[in-house]
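Here's the letter readout for the chains.
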Amino acid sequence: MWHSALLLGAFLLSGPVRGSDGSASTAITCFTRGLDLRKGTEDVLCPANCPLWQFYVFGDGVYASLSSVCGAAIHSGVITNTGGAVRVQTLPGQENYPAVNANGIQSQVLSRWASSFSVTAGTQSTALEAVGRSVSTARPSTGKRPKKTLDKKAGNKDCKADIAFLIDGSYNIGQRRFNLQKNFVGKVAVMLGIGTEGPHVGVVQASEHPKIEFYLKNFTATKEVLFAIKELGFRGGNSNTGKALKYTAQKFFSLENGARKGIPKIIVVFLDGWPSDDLEEAGIVAREFGVNVFIVSVAKPTTEELGMVQDIGFVDKAVCRNNGFFSYQMPTWFGTTKYVKPLVQKLCSHEQMLCSKTCYNSVNIGFLIDGSSSIGESNFRLVLEFVSNVAKAFEISDIGSKVAAVQFTYDQRTEFGFTDFVTKDKVLSAIRGIHYMSGGTATGDAISFTTRNVFGPVKDGPNKNFLIVLTDGQSYDDVRGPAAAAQKAGITVFSVGVAWAPLDDLKDMASEPRESHTFFTREFTGLEQMVPDIIRGICKDFLDSKQ
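What counts, and where the lines are drawn
Residues numbered from 1 in each chain as written. Predicted model: local features only at pLDDT ≥ 70, side-chain atom pairs only at ≥ 80, totals over all residues. Heavy atoms only, no water. Axes fitted to C-alpha atoms, helices over the stretch in contact; angles between N-to-C directions. Helix = DSSP H or I, 4+ residues; strand = E, 2+ residues; numbered from the N terminus. Parallel < 35°, antiparallel > 145°, perpendicular 65-115°, else oblique. Left-handed = near helix turned anticlockwise from the far one by under 90°. Contact = heavy atoms within 4.5 Å. Disulfide = S-S within 2.5 Å. Buried < 20%, exposed > 50% of the residue type's maximum accessible area, 1.4 Å probe, protein only. Polar contact = N/O pair within 3.5 Å; in protein donor to acceptor, adjacent residues only side chain to side chain. Pairing = 2+ DSSP bridges. Arc of directions from axis to C-beta.

*Asks:* Is there a simple way to explain the packing of helix α10 (residues 443-453) against helix α11 (residues 480-488) in this structure?
*Replies:* Running from amino to carboxyl end, α10 crosses α11 at an angle of 20 degrees, the nearest separation of the two axes being 8 Å. In terms of axis orientation, α10 runs roughly parallel to α11. Remark: the crossing between α10 and α11 carries left-handed chirality. Across the interface between the two elements, Gly-444, Ile-447, Ser-448 and Thr-451 of α10 pack against Pro-482, Ala-483 and Ala-486 of α11.

This is how it looks when you write it as structure tokens:
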């Protein structure tokens, strides 16, 4: 699940080290993971002075393969923090990895992982000397300088998010806790799995006046982000978090600054104590800009301090939704490692990003296209142009809106399903590539086919479902029953008729209110004028469904 290499404080020896029995041990970094090793059984050498608080370890005795090998070895007591030789044995995956605190390391719970490993004492007892060259894998040296490939890595593709960390730089937090806050943000950034196709992050510091420290576009590799966080300076001043939140929502997520279309926009607000200004207006502005606001509050106001707080409900008024998901509480900046993974899981749950959801990025639109003989090749091209113009309006992606198309005569042909193409360019290309069938008109059967085979696989998904039926004539079968079944399955139906399509059939197919879901034109050239009304109708239905 996590694709990022953990790079903080990593060290490398210049080549394999021979044990007393002549076997070669591979020099690894503090944060080389079990899944980075290539052999079923491998002798490795861990360096000295690994920072214990930065380890990610999952399990006890048997560790998930995304665990740090050296962290697991210290956790299990095979070595100490002075480093040493470790033998790593690859094992099958486990259903559960428990959380156990041992030897200064708190391992974490993991419900399931594909592979595991165990650690025992190795054959080389000499601790490693650090020579200061950072790496991300555990391969033996070939005598050549290791290639730096991290910048090219895609990152955690399962986590689609553009994230602004709005850190507290006020006198409330102070210099010491500010540094602890930076450490926590760094650990969150590492576990996110930053990469070109994964999460992108930036940082804004809130104090008297907000300051954008770096944008989404500036860094797409974990090590670069960690270095940038490390270099952040403490500003001081009042904790004008509301001012900073409003500023971030308005200025940070532009395309020029690296925001990506169709990717959820998130602001994680770190707040030590309480804000000096009002958060409610800032929260409203953020929601208007489609930004999901999380509040991570540390050291909530005491009973005696509540009188100094402008609005004790500031968290509920600032977050995206007051449902518990967008608020996160930590009692102190000390011992925060256990809070990293749950926060990352929230940030990577794109389906929960309710403030990102609009009619443009959260719908499935199925086009049911009449391919009967009465249409003709040239008019069929006008129909496809209409379909393309509607599809263009939406943000099509693997986590956004999706488009499917079915052509029908007496038979039905799925041209492409909702999961076949997940970029707008590929969808539009697929629409242009549809070949005219020619034949009779059985619209009712086609609606049933589309409901079952096209919408069936996505009926439990997060997007709202729409079906646009385009036809130019009388159906040879009943349309009312299949259309009612589609609507019962949660599909909103728009009917678009051309030429000889009977108005009664169009209304029988359309969702309520039928007048706003039924469209008709005498000429195929009139389809183009309907495009804005169809798009507005979809957006109105989407918004009405969220009330």
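*Asks:* Whenever I open this one, the state of the cysteines confuses me. Can you help?
*Replies:* Cysteine pairs can be covalently joined through their sulfur atoms, and such a bond is termed a disulfide. Scanning all chains against the criterion turns up five disulfides. The disulfide bridge from Cys-46 ends at Cys-70, spanning 2.1 Å between sulfur atoms. As the torsion about the S-S bond is roughly -100 degrees, the Cys-46-Cys-70 disulfide counts as left-handed. Of the two residues, Cys-46 is situated in strand β3 (residues 41-46) and Cys-70 in helix α1 (residues 69-76); the sequence distance between them amounts to 24 residues. An identical accessibility class is assigned to Cys-46 and Cys-70; each is buried.

*Asks:* Any chance you could explain the environment of Glu-42 here in plain terms?
*Replies:* Counting through the fold element by element, Glu-42 comes out in strand β3. When its relative accessible area of 6% is taken as the criterion, Glu-42 is described as buried. The sequence separation of Glu-42 and Val-86 amounts to 44 residues, and the corresponding C-alpha distance is 8.3 Å. Here the side chain of Glu-42 touches Lys-39 through a polar contact of 3.5 Å, landing on its backbone nitrogen.

*Asks:* What am I meant to see in the pairing of β3 here?
*Replies:* The side chains of a regular strand alternate, residue by residue, between the two faces of the sheet. Burial within β3 is extensive, with five of its six residues counted as buried. Pairing between β3 and strand β6 (residues 84-92): six bridges, direction antiparallel. Residue pairing across strands places Glu-42 opposite Val-88, the latter belonging to β6.

*Asks:* Even after reading the chapter, I still don't get the sheet that holds strand β10 (residues 162-168), so can you show me in this structure?
*Replies:* Backbone hydrogen bonds are what pair the strands of a sheet, in a parallel or an antiparallel way. Strands sit in the order β12-β11-β10-β13-β14-β15 across an open sheet of six strands; the sheet is mixed. Whereas interior strands pair on both sides, the edge strands pair on one side only; in this sheet they are β12 (211-214) and β15 (327-330). In this sheet, neighbouring strand axes are inclined to one another by 20 degrees on average, regardless of whether the strands run parallel or antiparallel.

*Asks:* Looking at this structure, how should I read unusual backbone geometry?
*Replies:* Peptide bonds are mostly trans, and most non-glycine residues show a negative phi. A cis amide bond links Glu-512 to the next residue, Pro-513, at an omega of -15 degrees. Take Pro-513: it is sitting in the loop between α12 (503-509) and α13 (514-517). Non-glycine residue Asn-49 carries a positive phi angle of around 60 degrees. Along the chain, Asn-49 falls in the loop between β3 and β4 (59-60). Among the residues examined, Asn-49 registers a relative accessible area of 60% and is labelled exposed.

*Asks:* What should I look at first to understand helix α4 (residues 241-251) in this one?
*Replies:* Owing to its 3.6 residues per turn, the α-helix brings residues three or four apart onto one side. Those residues of α4 that sit buried are Thr-241, Gly-242, Ala-244, Leu-245, Thr-248 and Ala-249. The buried residues of α4 all sit within an arc of 165 degrees when viewed along its axis, so they share a single face. Against β10, β11 (200-206), β13 (265-272), α5 (280-288), β14 (291-298) and α6 (314-318) lie the buried residues of α4.

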